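Per-entry structural report
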Amino acid sequence: MFQDKKVLFSGMQATGNLTLGNYLGALKNWVKLSDEYECFYCVVDEHSITVRQDPATLRKRARALLTLYIAAGLDPEKNCIYYQSHVSAHAELAWILNCYTYMGELSRMTQFKDKSAKHADNINAGLFTYPVLMAADILLFQTDVVPVGIDQKQHLEITRDIAQRFNSIYGDTFTIPEPYIGKAGAKIMSLQNPEKKMSKSDENPNGSIYLMDDKDTVIRKCKRAVTDSEGNICYRDEQPGVKNLIDIYCACTGMTPSEVEREFDGKGYGELKMAVGEAVAAQLTPLQTEAARLEKDKAYIDSVIKNNAEKASYFANRTLRKVQRKIGFPDRIR
Ligand code: TRP
């Protein structure tokens, strides 16, 4: 679709409070990729309603997330930053792809199994077909690469299966996307249970550092991080708490784990925790300041929302029209 650059698509949900894990594991890497690729970064609000949401909160969080994309350094002139719900092609293609996806495949999705266990009172059809909407997101833009966390890899595999199935029936229609799994250190674990991913929905607020936490809170949470009784600052699986702190430190400072081991050789956990707290705060404070500044500039954010929805619609509709033609929907009269 673009002559010189490959296409990258990714999205995030505006549910829960974003954590340091979302920033270091996703957003920060998106910024690095934004020169190399033609990027589409979506706020996937349509995915959010697979779980019941309070309307006012959803609206507020969606805007905060879109603003955060920009505050993190994604230039909305170069990257297409938009709301999924503003581009109707997402829902339209998702419907079509639903008819090329099997119940059996969808029932094997681990996220569906997890979420339906967690929301047993609301196992809706949208939760079941969630991966099809995600496939539509990706395939609409003839995406080459999709940066995702390991937890979304299965959804990318089903996207590839759906695309290949469609292509084999109708001829080349969709680019087959590749996952782009960030390098080591990208997966940030809970500070209270380092066996578990740092999550927006952690019941223990000390487990997660939220992007809007102030410096004192960040430092307090780091000080309380669960470690072990070894007393050595070593980067190894047997010390998951310490390993996670080192990962966070590396992601903030750009150091390697062995450099961190050397820096803290002979020092105690207290010093490591303090340094991690300072490094995290040094990342978050400018992000918070910039987000607050942008939030006040309503006209600017509104113009980004409008222009980028138009841009995304233009490219998405090109694919959608092609698909509609191939499956035999009547031509539009112009
Ligand atoms: N399901 C993804 C998540 O929860 C979000 C998402 C929706 C997404 N559509 C996408 C990610 C397309 C990458 C590409 O993290």
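Here we summarise the structure given alongside this text. (Residues numbered from 1 in each chain as written. Predicted model: local features only at pLDDT ≥ 70, side-chain atom pairs only at ≥ 80, totals over all residues. Heavy atoms only, no water.)

**Section: the site of the ligand**
F9, Y130, M134, D137 and Q152 are the nearest of the 13 residues found near the ligand. Side-chain polar atom of D137 to a nitrogen atom of the ligand: 2.7 Å apart, as the coordinates give it. A distance of 2.9 Å separates a nitrogen atom of the ligand from a polar side-chain atom of Q152. Protein contacts shield 89% of the accessible area of the ligand, which totals 360 Å² for the unbound molecule. Looking at the shell around the ligand, the elements that each hand over two or more residues are strand 1 (7–12) and helix 7 (125–140). In terms of residues, the shell around the ligand owes the most to one element, helix 7, which gives 4 residues. Of the residues that constitute the shell around the ligand, the class distribution is 7 nonpolar, 5 polar and 1 charged. (Near = heavy atom within 4 Å. Polar contact = N/O pair within 3.5 Å; in protein donor to acceptor, adjacent residues only side chain to side chain. Areas by Shrake-Rupley, 256 points an atom, 1.4 Å probe, with all protein chains shown as cover. Helix = DSSP H or I, 4+ residues; strand = E, 2+ residues; numbered from the N terminus. Nonpolar A, V, L, I, M, F, W, Y, C, P; charged D, E, K, R; others polar.)

**A few points about the packing of helix 6 (residues 110–118) against helix 7**
Remark: helix 6 packs on helix 7, axes separated minimally by 10 Å, with the N-to-C direction vectors making an angle of 160 degrees. Regarding the angle of helix 6 to helix 7, the classification is roughly antiparallel. Crossing of helix 6 over helix 7 shows right-handed handedness. In this structure, helix 6 uses Q111, F112, K115 and S116 to contact helix 7, whose residues at the interface are L127, F128 and Y130. By residue class, the composition of the contact of helix 6 with helix 7 is 4 nonpolar, 2 polar and 1 charged. (Axes fitted to C-alpha atoms, helices over the stretch in contact; angles between N-to-C directions. Parallel < 35°, antiparallel > 145°, perpendicular 65-115°, else oblique. Left-handed = near helix turned anticlockwise from the far one by under 90°. Contact = heavy atoms within 4.5 Å.)

**Structural notes on the packing of aromatic side chains**
Applying the stated criterion to the full structure yields 13 aromatic pairs. A centroid spacing of 6.1 Å and a plane angle of 75 degrees characterise the contact between F40 and F315, whose relative ring orientation is edge-to-face. Taken together, the residues span a long stretch of sequence, with F40 in strand 2 (residues 38–43) and F315 in helix 13 (residues 298–327) at a distance of 275 residues. Considered together, F40 and F315 belong to a single accessibility category, that of buried residues. For the ring pair F112 and F128, a centre distance of 5.0 Å and an interplane angle of 70 degrees mean the geometry is edge-to-face. One end of the pair, F112, is in helix 6; the other, F128, is in helix 7, with 16 residues separating them in the sequence. Taken together, the aromatic side chains of F9, F40, Y82, F141, Y314 and F315 make up a single cluster linked through ring pairs. The ring of F264 has K267 lying over it, and the distance from NZ or CZ to the ring centre is 5.7 Å. (Phe/Tyr/Trp six-rings, centres within 6.5 Å; stacked < 30°, edge-to-face > 60°. Buried < 20%, exposed > 50% of the residue type's maximum accessible area, 1.4 Å probe, protein only. Lys NZ or Arg CZ within 6 Å of the ring centre and 35° of its normal.)

**A look at the nonpolar core**
Grouped together as the largest cluster of nonpolar side chains are 58 residues, with contacts concentrated most on L27, Y41, Y69, I248 and V280. When residues of this core are assigned to their parent elements, the largest contribution, 10 residues, is made by helix 12 (residues 269–296). What I248 contacts, discounting residues up to four positions off in sequence, is L20, L24, I188, L191, V276 and V280. Core analysis: the second largest hydrophobic core is formed by 43 residues, L97, F112, A136 and I158 among them. (Core = buried A, V, L, I, M, F, W, Y, C linked by side-chain atoms within 4.5 Å.)

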